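Chain by chain, the residues run as shown.
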Amino acid sequence: MSIWYGWNACYFCRMSVNKEVRRITTNTVQEMKLRGEKISMLTSYDYSMARLVDAAGIDVILVGDSASNVMAGHETTLPITLDQMIYHAQGVVRAAKRCLVVVDLPFGSYQGNSKEALNSAIRIMKESGAHAVKMEGGSEIRESIQRILTAGIPVMGHLGLTPQSIYKFGTYQVRAKEEQEAERLLSDAKVLDECGCFALVLEKIPATLAAQVTSSIDIPTIGIGAGSDVDGQVLVVNDMLGYTEDFSPRFLRRYMNAGEQIHNAVSRYVSDVKSGEFPNEKEKY
Ligand code: KIV
């Protein structure tokens, strides 16, 4: 027996025939590169934010391990666990009706060996319902990427500033400014393309290098602090909405000042409660 979902949809086939919501897939973002349409990506970590972000027309939501910083208050992305990433991803997936949902494999869940990497990716896909995973690194994680892809799980790569390696880099400064590191990054990008990754995040690298990578590989590049000659852009949603006031890198454009607005709203609420002005007659039963 099938459950009726309206004139265009039944329980078993509602995604393919629902005319109102066409799901963005990994193929869609690859087609966007081909036709020169820029890809928009933002992070989200919970149901309420993801619902707003999805409804506003974003193409890809990244459940980033930046949740470790902006949701849990850690200094780095290293402490967040696979269970915690799955918890964040579950809320986002419940909210996302149209966009593609990609989830970061957290530090320590894939670096050990390719079997561990596959198990972690399977847990994310099975327990959250997400559509793809993202992994930081180049040729050194090639075997793990291939094993995950063989299981039918799409992988997004991530090169340049890879925050899971912050203690190796020692700083959050721009990466690959020197020729040797730039050559290595270009060669890693080609490896990820050849392996079958469906897209590649380029974080905090010179714009000229990002442009060179973008024109040298077939898969879409999505930049954060990588200039405009890439196939798409990503920002951390809390940063671009202005929740975080103490973080102002050059690449960050703030689209609102949520920190200030929330502060003002909470102050007004406190004062209304203290003065007895809230609740009023209409707000009572
Ligand atoms: O975790 C994250 O938010 C990210 C983006 C900055 C690309 O990896």
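Note on numbering: residues in each chain are counted from 1, in written sequence order. For a predicted model such as this one, the threshold for reporting local features is a pLDDT of at least 70, and the threshold for listing and counting side-chain atom pairs is 80 or more; totals across whole chains, interfaces and linings nevertheless cover every residue. Side-chain numbers come from the whole structure's heavy atoms, not from hydrogens or water.

Side note on the environment of Gly-57
Runs of E in the DSSP output that reach at least two residues are strands. Runs of H or I that reach at least four are helices, and both are numbered from the N terminus. In this fold, Gly-57 is placed in the loop between α3 (47-55) and β2 (60-63). The classification of residues rests on relative accessible area computed with a 1.4 Å probe and restricted to protein chains. Under 20% of the type maximum is buried, over 50% is exposed, and intermediate values are partly exposed. Judged by its relative accessible area of 34%, Gly-57 falls in the partly exposed class. When checking whether two residues touch, look at their non-hydrogen atoms; a contact exists if any pair is within 4.5 Å. Residue contacts for Gly-57: discarding those within four places in its chain leaves Ser-40 and Arg-98.

Side note on the confidence of the model for the protein
Averaged over the protein, the pLDDT score is 93; the fraction of residues at 70 or greater is 93%. Per-element averaging of pLDDT across the protein places helix α1 (residues 14-17) at the bottom with 46 and β2 at the top with 99. A residue's pLDDT is simply how confident the predictor is in it, with values from 0 to 100. Contacts for the low-pLDDT stretch residues 1-18, under 50 throughout, to residues beyond four places or in other chains number 17 contacts.

Regarding the sheet that holds strand β6 (residues 199-203)
DSSP-based pairing: two strands are paired if at least 2 bridges between them are found. Taken in spatial order, the eight strands of this closed barrel run β1-β2-β3-β4-β5-β6-β7-β8, and their pairing is parallel. The average angle at which neighbouring strand axes cross in this sheet is 25°, direction not considered. When strand β3 (residues 100-104) meets strand β4 (residues 132-136), the two strands line up parallel, connected through three bridges. Bridging from a neighbouring strand, Asp-104 pairs with Lys-134 of β4. Against the sheet, helix α6 (residues 114-128) contacts β3 and β4, and its axis sits at roughly 145° relative to β4. To get an axis, a line is fitted to the C-alpha atoms, and for a helix only the part in contact is used. The angle between two axes follows their N-to-C directions and goes from 0 to 180 degrees.

Notes on α3
Owing to its 3.6 residues per turn, the α-helix brings residues three or four apart onto one side. Along α3, the residues classified as buried are Met-49, Ala-50, Val-53 and Asp-54. With its buried residues spanning 125° around the axis, α3 presents them on a single face. Residues of α3 that are exposed and point over 90 degrees away from its buried face: Leu-52 and Ala-55. Contacts made by the buried residues of α3 are with β1 (39-43), β2, α5 (82-95) and α11 (237-240). Think of the arc as the fan of directions from the helix axis to the C-beta atoms.

Remarks on the state of the cysteines
One covalent bond between the sulfur atoms of two cysteine residues makes up a disulfide. Throughout, disulfides are identified as pairs of cysteine sulfur atoms within 2.5 Å of each other. In the structure shown here, the tally under the stated rule is zero disulfides. Cysteine Cys-195 is unpaired, with the sulfur of Cys-197 as its nearest cysteine sulfur at 5.8 Å. Relative accessible area serves as the criterion here: at 12%, Cys-195 is assigned to the buried category.

Focus on the packing of α6 against helix α7 (residues 142-150)
Between α6 and α7, whose axes approach to 8 Å, the crossing angle comes to 45°. Between α6 and α7, the angle falls in the class oblique. Once α6 is placed against α7, the crossing between them reads as right-handed. When α6 is examined against α7, the residues Ser-114, Lys-115, Ala-117, Leu-118 and Ala-121 are found in contact with a partner set consisting of Glu-143, Ser-144, Arg-147 and Ile-148. Three classes are used: nonpolar for Ala, Val, Leu, Ile, Met, Phe, Trp, Tyr, Cys and Pro, charged for Asp, Glu, Lys and Arg, and polar for all others, with Gly counted as polar. Among the residues forming the contact of α6 with α7, the class breakdown is four nonpolar, two polar and three charged. Angle categories: roughly parallel below 35 degrees, roughly antiparallel above 145, roughly perpendicular from 65 to 115, and oblique for all the rest. The handedness criterion is simple: a crossing whose near helix is rotated anticlockwise from the far helix by less than a right angle is left-handed, and one whose near helix is rotated clockwise is right-handed.

Topic: the site of the ligand
Whether a residue is near a molecule or strand is decided by its heavy atoms; if any one of them lies within 4 Å of it, the residue is near. Taken together, Thr-43, Leu-62, Gly-64, Asp-65, Ser-66, Asp-104, Lys-134, His-158, Val-201, Glu-203, Ile-224 and Val-236 make up the full set of residues adjacent to the ligand. Polar contacts, as counted here, are pairs of nitrogen or oxygen atoms within 3.5 Å of one another; within protein the pair requires one atom able to donate a hydrogen and one able to accept it, and residues that are adjacent in sequence qualify only if both atoms are side-chain atoms. Ser-66 is positioned such that a nitrogen or oxygen atom in its side chain is 2.5 Å from an oxygen atom of the ligand. In this structure, Asp-104 approaches the ligand through a side-chain N or O atom, which is 3.1 Å from an oxygen atom. When isolated, the ligand has an accessible area of 250 Å², and the protein chains bury 96% of it. Among the residues forming the shell around the ligand, the class breakdown is four nonpolar, four polar and four charged. Where accessible areas are quoted, they stem from the Shrake-Rupley method and a 1.4 Å probe; at the residue level, only the protein chains shown are allowed to cover.

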